[in-house]
There are 2 protein chains.
Amino acid sequence: MTRLSEIYPPDRVVLREVGLRDGLQMVQRYPSTAAKAEWLRRERAAGVRHFEIGSFLPAKAMPQFADVRDISDICRSLNVHSAALALNDRGATDAVQTPVGEIVTVVSSTEEHSQANARRTREEAIALVGKTVELARGSETSPLVQVGIAMAFGCSIAGKVDPDDVVRIAAACSEAGVDMIGLADTVGFAGPDQVQDLVERVKNELGDVALSIHLHDTRGMGIANASAALDAGIRVIDGSLAGLGGCPFAPGATGNVVFEDLVYLCERKGFATGIDLEKLMSVREVAASEMPDEQLFGALSRAGAPRHINWRAR
Amino acid sequence: MTRLSEIYPPDRVVLREVGLRDGLQMVQRYPSTAAKAEWLRRERAAGVRHFEIGSFLPAKAMPQFADVRDISDICRSLNVHSAALALNDRGATDAVQTPVGEIVTVVSSTEEHSQANARRTREEAIALVGKTVELARGSETSPLVQVGIAMAFGCSIAGKVDPDDVVRIAAACSEAGVDMIGLADTVGFAGPDQVQDLVERVKNELGDVALSIHLHDTRGMGIANASAALDAGIRVIDGSLAGLGGCPFAPGATGNVVFEDLVYLCERKGFATGIDLEKLMSVREVAASEMPDEQLFGALSRAGAPRHINWRAR
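Note that the coordinates shown come from a computational prediction; the quantities given were computed from them, not determined experimentally. (Residues numbered from 1 in each chain as written. Chains lettered and ligands numbered in written order. Predicted model: local features only at pLDDT ≥ 70, side-chain atom pairs only at ≥ 80, totals over all residues. Heavy atoms only, no water.)

A. View of the overall build of chain A. When helices and strands are counted, chain A shows 13 helices and eight strands. Computed over the C-alpha atoms, the radius of gyration of chain A is 18 Å, within 12% of the 20 Å expected from 2.2 N^0.38 for a compact globule of 314 residues. Taken along its principal axes, the extent of the C-alpha atoms in chain A is 50 × 45 × 40 Å. For chain A, buried positions account for 61% of its 314 residues. Restricting the contact set of chain A to residue pairs at least 6 apart, pairs at least 24 apart contribute 74%. Of the accessible surface of chain A, which amounts to about 11700 Å², a share of 47% is contributed by carbon and sulfur atoms. If the 33 positive side-chain charges of chain A are averaged to one point and the 42 negative ones to another, these points end up 4 Å apart. (Helix = DSSP H or I, 4+ residues; strand = E, 2+ residues; numbered from the N terminus. Rg over C-alpha atoms; globule rule 2.2 N^0.38 Å. Buried < 20%, exposed > 50% of the residue type's maximum accessible area, 1.4 Å probe, protein only. Contact = heavy atoms within 4.5 Å. Areas by Shrake-Rupley, 256 points an atom, 1.4 Å probe, with all protein chains shown as cover. Lys, Arg positive; Asp, Glu negative; His and termini not counted. Charge placed at Lys NZ, Arg CZ, Asp CG, Glu CD.)

B. Representation of the packing of aromatic side chains. All names here are of chain A. Enumeration over the complete set of coordinates arrives at two aromatic pairs over all chains. Geometrically, the ring pair formed by Tyr264 and Trp311 is tilted, given 5.4 Å between the ring centres and 35° between the ring planes. Note that Tyr264 is positioned in helix α10 (residues 259-268) and Trp311 in the segment after α13 (300-303), a separation of 47 residues in sequence. The buried category is assigned to Tyr264, whose relative accessible area is 0%. Classification of Trp311 as buried rests on a relative accessible area of 11%. (Phe/Tyr/Trp six-rings, centres within 6.5 Å; stacked < 30°, edge-to-face > 60°.)

C. How the structure looks around the sheet that holds strand β7 (residues 211-214) of chain B. Residue and element names in this part refer to chain B. Ordered in space as β1-β2-β3-β4-β5-β6-β7-β8, the eight strands form a closed barrel in which the pairing is parallel. Each adjacent strand pair in this sheet contributes to an overall mean axis angle of 30°, direction not counted. Across the sheet, helix α7 (residues 163-175) is in contact with β4 (102-108), β5 (144-150) and β6 (180-184); its angle to β5 comes to roughly 165°. (Pairing = 2+ DSSP bridges. Axes fitted to C-alpha atoms, helices over the stretch in contact; angles between N-to-C directions.)

D. Geometry of the UniProt feature "domain: Pyruvate carboxyltransferase" (unreviewed entry) in chain A. In the numbering used here, UniProt assigns the "domain: Pyruvate carboxyltransferase" (unreviewed entry) feature to residues 13-281 of chain A. A helix fraction of 41% and a strand fraction of 16% characterise residues 13-281 of chain A, whose end C-alpha atoms lie 19 Å from each other. (UniProt positions renumbered as here; feature names shortened; annotations may be inferred.)

E. Geometry of α10 of chain A. In terms of burial, α10 of chain A is a largely internal element, 10 of the 10 residues being buried. The complete set of buried residues in α10 of chain A reads Phe259, Glu260, Asp261, Leu262, Val263, Tyr264, Leu265, Cys266, Glu267 and Arg268 of chain A.

F. Here's a closer look at the pattern of salt bridges. Throughout the structure, instances matching the rule amount to 40 salt bridges over all chains. In this structure, the salt-bridge partner of Arg137 of chain A is Asp179 of chain A, at a minimum N-O distance of 3.5 Å. Of the two residues, Arg137 of chain A sits in helix α6 (residues 122-137) while Asp179 of chain A sits in the loop between α7 (163-175) and β6 (180-184), which places them 42 residues apart along the sequence. Take Asp179 of chain A: its relative accessible area is 18%, and that puts it in the buried class. Across the salt bridge formed by Asp67 of chain B and Lys36 of chain B, the nearest N and O atoms sit 2.7 Å from each other. Of the two residues, Asp67 of chain B is situated in the loop between β2 (50-55) and α3 (68-78) and Lys36 of chain B in helix α2 (residues 33-46); the sequence distance between them amounts to 31 residues. When its relative accessible area of 1% is taken as the criterion, Lys36 of chain B is described as buried. (Salt bridge = Lys/Arg side-chain N within 4 Å of Asp/Glu carboxyl O.)

G. Representation of the sheet that holds strand β1 (residues 14-17) of chain A within the structure. Residue and element names in this part refer to chain A. Read around the barrel, eight strands follow the order β1-β2-β3-β4-β5-β6-β7-β8 and close on themselves; strand pairing throughout is parallel. If you compare each strand with its neighbour and ignore which way they point, the axes differ by 30° on average. Pairing geometry for β1 and strand β8 (residues 236-239), over four bridges, is parallel. What sits directly across from Val14, in β8, is Val236. Against the sheet, α7 contacts β4 (102-108), β5 (144-150) and β6, and its axis sits at roughly 165° relative to β5.

H. Representation of the side chain of Gln64 of chain A. All names here are of chain A. Tracing the backbone through its elements, the reader meets Gln64 in the loop between β2 (50-55) and α3 (68-78). Engagement of the side chain of Gln64 in a polar contact is seen with the backbone oxygen of Gln25, the distance being 3.3 Å. Not counting residues within four places of it along the chain, the set of residues in contact with Gln64 comprises Leu24, Gln25, Met26, Val27, Tyr30 and Lys36. (Polar contact = N/O pair within 3.5 Å; in protein donor to acceptor, adjacent residues only side chain to side chain.)

I. Region of interest: the interface of chain B and chain A. Across the contact, 45 residues belong to chain B and 46 residues belong to chain A. Both faces combined, the contact of chain B with chain A buries some 3300 Å², and carbon together with sulfur accounts for 58% of it. Here chain B is connected to chain A by two salt bridges. A salt bridge links Asp193 of chain B to Lys269 of chain A, with the nearest nitrogen and oxygen atoms 2.6 Å apart. Here chain B is connected to chain A by eight residue pairs in polar contact (both at pLDDT 80 or more). Sorting the residues of the side of chain B that touches chain A by element identifies α8 (192-206), α9 (222-231), α10 (259-268) and α13 (300-303) of chain B as the ones contributing at least two each. Of the residues belonging to the side of chain B that touches chain A, the class tally is 22 nonpolar, 12 polar and 11 charged. (Buried area = accessible area lost by both parts, 1.4 Å probe. Nonpolar A, V, L, I, M, F, W, Y, C, P; charged D, E, K, R; others polar.)

J. Highlighting the relation of the copies chain B and chain A. When chain B is fitted to chain A, the residual RMSD is 0.0 Å, and the transformation amounts to a turn of 180° plus an axial shift of 0.0 Å. This pairing of chains is accounted for by a two-fold axis. Among all residues of chain B, the one whose C-alpha sits closest to the rotation axis is Ala224 of chain B, at a distance of 1.9 Å. A shared interface surface links the copies, since 100% of the contact residues of chain B are contact residues in chain A too. (Least-squares fit on C-alpha atoms with pLDDT ≥ 70 in both.)

K. Examining the packing of helix α9 (residues 222-231) of chain A against α9 of chain B more closely. At a minimum axis separation of 7 Å, α9 of chain A and α9 of chain B run at an interaxial angle of 50°. Taken together, the axis directions place α9 of chain A and α9 of chain B in an arrangement best described as oblique. The chirality of how α9 of chain A crosses α9 of chain B is right-handed. Here α9 of chain A contributes Ile223, Ala224 and Ser227 of chain A to the contact with α9 of chain B, which in turn contributes Ile223, Ala224 and Ser227 of chain B. Residue classes in the contact of α9 of chain A with α9 of chain B are distributed as four nonpolar, two polar and no charged. (Parallel < 35°, antiparallel > 145°, perpendicular 65-115°, else oblique. Left-handed = near helix turned anticlockwise from the far one by under 90°.)

L. Local environment of the pairing of β8 of chain A. Residue and element names in this part refer to chain A. Neither face of β8 is open: one carries Val236 and Asp238, the other Ile237 and Gly239, and all of them are buried. Relative to β8, strand β7 (residues 211-214) is paired through two bridges, and the arrangement is parallel. Residue pairing for β8: His214 is matched across the bridge by Asp238.

M. Examining the environment of Gln196 of chain B more closely. Residue and element names in this part refer to chain B. Tracing the backbone through its elements, the reader meets Gln196 in helix α8. Along the sequence, Gln196 and Asn310 sit 114 residues apart, while their C-alpha atoms lie 28 Å from each other. Excluding anything up to four places from it in sequence, Gln196 contacts Ala228, Asp231 and Ala232.

N. Representation of the pairing of β6 of chain A within the structure. Residue and element names in this part refer to chain A. Of all five residues making up β6, five are buried, and the element is well covered by its neighbours. Looking at chain direction, β5 and β6 are connected through four bridges and run parallel. Note that in β6 the partner of Gln146 across the bridge is Met180. Crossover handedness for the path β5 to α7 to β6: right-handed. Relative to β7, β6 runs parallel, the two being bridged by four bridges. In the strand pairing of β7, Ala184 is matched with His214. (Right-handed = clockwise from strand over helix to strand, strands pointing away.)

Here you go:
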């Protein structure tokens, strides 16, 4: 069994809770380290085992992620898988000095977004992915490396994204040695047929590369897109507790696809998640008390799971 | 061309806005007749052509539908298709004395819900459907007759619903001569795979009967279920403006699937709806000012349609 298939068993669905990373990306007020620990501990007790926990960046730029090292330590002690962003050499170098289990790098689908977001070309970003892989492989902790392909379904700057560009970037990153490729609908442009088409296209071109999907619910398509991704064979899906993580281009819009609703979707589709929905929903209390200004989203938290049917099956 | 295919062209998607019926089912305060007229007029200007407008019931029982005759007149003058519920002989008799274009009858999937909701057996309900068809056929206005099969995906009383029961009811109603059969997820139990399975099952058993689907977003699956229904060949879908229409079994829960988001879904999937989303969303003003206590739902109204991509295509 490879390290990858140990962490992401290919025969089941893995849901990654990204609230402590993407969910905090735009907030002014954020949870204390102790509250993040409580968040992780309680989600672990609910059955969640995969988390994105922050970003290796100068604390000045993103103070909400200043404790990413501590959080990776907490994840190790909780025996859960932790992933964190590293967007440059320095971030990756920092990351391998922590027990973080996965480094997430990013390449934008479009040249315009790559320049605006990271001040580098897509080719430079791909080269950086290769260096991160080398660094990870040569480190003692040997974290997995994932590349997230941002704006894979539409770009807030360039508009339409050519699926061929996404496939080309995915192929280059695969050649560079990444363990997993994430298709990211960064600002919620995707529709379900588009998700199915792009996943099938990438799979056709790249064979059995490990794929994940990162969805935003900006335009209400998040759950439908997740359903389409599952239908297309995706087994690793990101979501954030209470749908935290707004959209910088749509003030007031919903954020990431709601993790709780994602659990329900998977179970309704016959995929066992191992997650206790009631316990999971109770963790919203932590988010609510630490970030009282943030709107919490989600349908299950309003309606509750059905009491009359066995919803953990089709 | 039959009357049915004139009203519901089989080669395109028809979205029916049920806010003035299901959306008002549980409200204490409801729009005036003038406001309903404005609602219809503005939605018509946005491109909506199919409405559910109320229920033929004693005004004492449901005062929000006391003006259903006037509303059916307004629909005629606007040249839009109007449907309204008639749940007994008297309702159907009243309905054919108005210009309402379609009578909607209801049969529950489960004996328990049939008794609790309508104080009759399912067999009695099916017999009533037959009488309604006869009455409609023999009337001057000759409205279409649809049967909505309530709780088709799960029942708030009996729990699990046997798909065979739904198929059997659908077959009996088809034999009784209904023009269309609606599969209703009355309180939002369905998941996308279940939708696809049931639609395929009904189609396999009944051949090319006209089918519609009525979805609630109680547990956030509404858009995913609509997408699955479209994938399974359904071309007539109900939704309500701003997702009006709560769930009596889940206070605070979302109601019908949000009409605006449904328009977006269809367009993203390549189905032209003929509906102007901006104009449609502006009609929320009418609902907001007439029913200030009701929560309005919807993702498109928060985020807006994408400005950077041509979202009216895959």
